[in-house]
Amino acid sequence: MTIKVLEPTELNILQCAQALQSGSLVAFPTETVFGLGAAVTQPSAVEGIFRAKGRPSNHPLIAHAHTGFDWAEGWIDLSSARLKAQFLALTQQFWPGPLTLIVPKGDKMPLNVTGGQRSVGVRCPQHPVAQALLKATGVPVAAPSANRFGKVSPTRAAHVVSELGVSVPYVLEGDIPEVGIESTIVSLLDETPRLLRPGRITAQQIEAVLGQAVAVGPAAGENAVRFSGGLEKHYSPDAKVCILSAEQLMAEPLPSSTLFVGWSDSFIEQANQKGGQLQNSSVVSNSGLPAEIEQNLYIWLRQADEQQWDCVVFEQPPALPEWAGVADRLRRAAW
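**Quick word on the layout of surface pockets**
In this structure, the largest pocket encloses a volume near 280 Å³. Together, 20 residues line the largest pocket, and Leu 195, Pro 198, Val 216, Gly 217 and Ala 324 are the ones closest to its centre. Residue assignment for the lining of the largest pocket shows that the elements contributing at least two residues are strand 10 (194-197), helix 7 (203-210) and helix 11 (324-333). Here the element with the most residues in the lining of the largest pocket is helix 11; it accounts for four residues. Looking at the lining of the largest pocket, its residues break down into eleven nonpolar, five polar and four charged. Taken as a whole, the second largest pocket spans an internal volume of roughly 190 Å³.

**Things to note about the packing of helix 10 (residues 290-306) against helix 11**
Remark: helix 10 packs on helix 11, axes separated minimally by 10 Å, with the N-to-C direction vectors making an angle of 20 degrees. One element, helix 10, and the other, helix 11, form an angle in the roughly parallel class. Read as a crossing pair, helix 10 and helix 11 show a hand that is left-handed. Contacts between helix 10 and helix 11 involve Pro 290, Ile 293, Glu 294, Leu 297, Tyr 298 and Leu 301 on the former and, on the latter, Val 326, Arg 329, Leu 330 and Ala 333.

**Considerations on the sheet that holds strand 4 (residues 62-64)**
The strand order across the open sheet formed by eleven strands is 1-8-2-3-7-4-6-5-9-10-11, and the pairing between neighbours is mixed. Taken across any chain shown, the strands that pair with only one partner, and hence form the sheet edges, are strand 1 (4-6) and strand 11 (215-216). Here strand 2 (residues 26-29) runs beside strand 8 (residues 170-172); their pairing, made up of two bridges, is parallel. Paired with Ala 27 across the two strands is Val 171, which belongs to strand 8.

**So, the sheet that holds strand 12 (residues 240-244)**
Strands sit in the order 12-15-13-14 across an open sheet of four strands; the sheet is parallel. Unpaired on one side and paired on the other, strand 12 and strand 14 (280-285) mark the two borders of the sheet. Each strand axis lies, on average, 20 degrees off the axis of its neighbour in the sheet, ignoring direction.

**Some remarks on helix 10**
Over its 17 residues, helix 10 runs 24 Å from end to end, which matches the ideal 24 Å to within 8%, given 1.5 Å per residue. At Asn 296, helix 10 shows its maximal kink, close to 45 degrees. Those residues of helix 10 not exposed but buried are Pro 290, Ile 293, Glu 294, Leu 297, Tyr 298, Trp 300, Leu 301, Arg 302, Gln 303 and Ala 304. Against the buried residues of helix 10 lie helix 6 (157-164), strand 12, strand 13 (257-262), strand 14, strand 15 (311-315) and helix 11. Backbone geometry just after helix 10 places Gln 308 at a positive phi near 60 degrees.

Basis of the calculations
Residues numbered from 1 in each chain as written. Predicted model: local features only at pLDDT ≥ 70, side-chain atom pairs only at ≥ 80, totals over all residues. Heavy atoms only, no water. 1 Å grid on protein atoms, 1.4 Å probe; cavity = no way out; pocket = protein on both sides within 12 Å on 5 of 7 lines; lining within 4 Å. Points joined across faces, edges and corners; volume = space filled by probe spheres on them. Helix = DSSP H or I, 4+ residues; strand = E, 2+ residues; numbered from the N terminus. Nonpolar A, V, L, I, M, F, W, Y, C, P; charged D, E, K, R; others polar. Axes fitted to C-alpha atoms, helices over the stretch in contact; angles between N-to-C directions. Parallel < 35°, antiparallel > 145°, perpendicular 65-115°, else oblique. Left-handed = near helix turned anticlockwise from the far one by under 90°. Contact = heavy atoms within 4.5 Å. Pairing = 2+ DSSP bridges. Expected span 1.5 Å × (residues − 1). Bend = angle between axes of the 7 residues up to and from the residue. Buried < 20%, exposed > 50% of the residue type's maximum accessible area, 1.4 Å probe, protein only.

Okay, here's the thing in structure tokens:
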């Protein structure tokens, strides 16, 4: 099988939609990261996602659809008045966009998409190429990030090709993802909504729309819902990942080949000083705006491996809501 990397023309998008309908895998851009898609109506293709990624079959996928898709038509179950009101409030505010909602699955949603659970994560992405592809496909498309399971998520078509190669027959090009990290995941399964995975949309924004408090973090116990990106170790390069403050930097023993990534003047100053003590180092500085850090985070993590750094040291993110997504991804990468 050969891999086709296609420009997002109307004809190529239609070709990829037909490929999805026929049971092929298609990688495509979203505003978060590139997804590896299979039509949920094609069970062998959904299984192909797990094989291509090396993903455990009980690790649920997220179902994506275009803005005009009626989710309640058997794909999800909004029979609860409370849940329906919360779902509509959040989707009207944040869709299309980087928000995944976990709700009870409908009869039409296959269990191999949900990891065997009676719930499913659903999302309506904002990226115009994703929107066009999903509209042309006509059914929800299951799409985790298009990379090997547990490794760094792709934000370029070239990342998909290098990670998954010929296991993906079609890769659609597209504008660079605006967000750069995966969607915020919120579970609506219980009376109190629960933010399971932080992202661009914060818990405070969710609370403002719903007019109630939101629990943060997974619930404890055997019956806690499984969700994408929920494992402790995730988003990891081969290089060692450390998260340090400027104050910790000088005292921490580091490998002789280390890449430093920071945004504050104090961290950059200390990184340059620390790097001078090592055989090989480089320091990357950024504006310090969390949205820009999100957009470049996976580029830096990939760069660590592409340039064969032994270690990549990130500045400790501030303990602020808008930094929660970056802090979460770094914590899991450094596990």
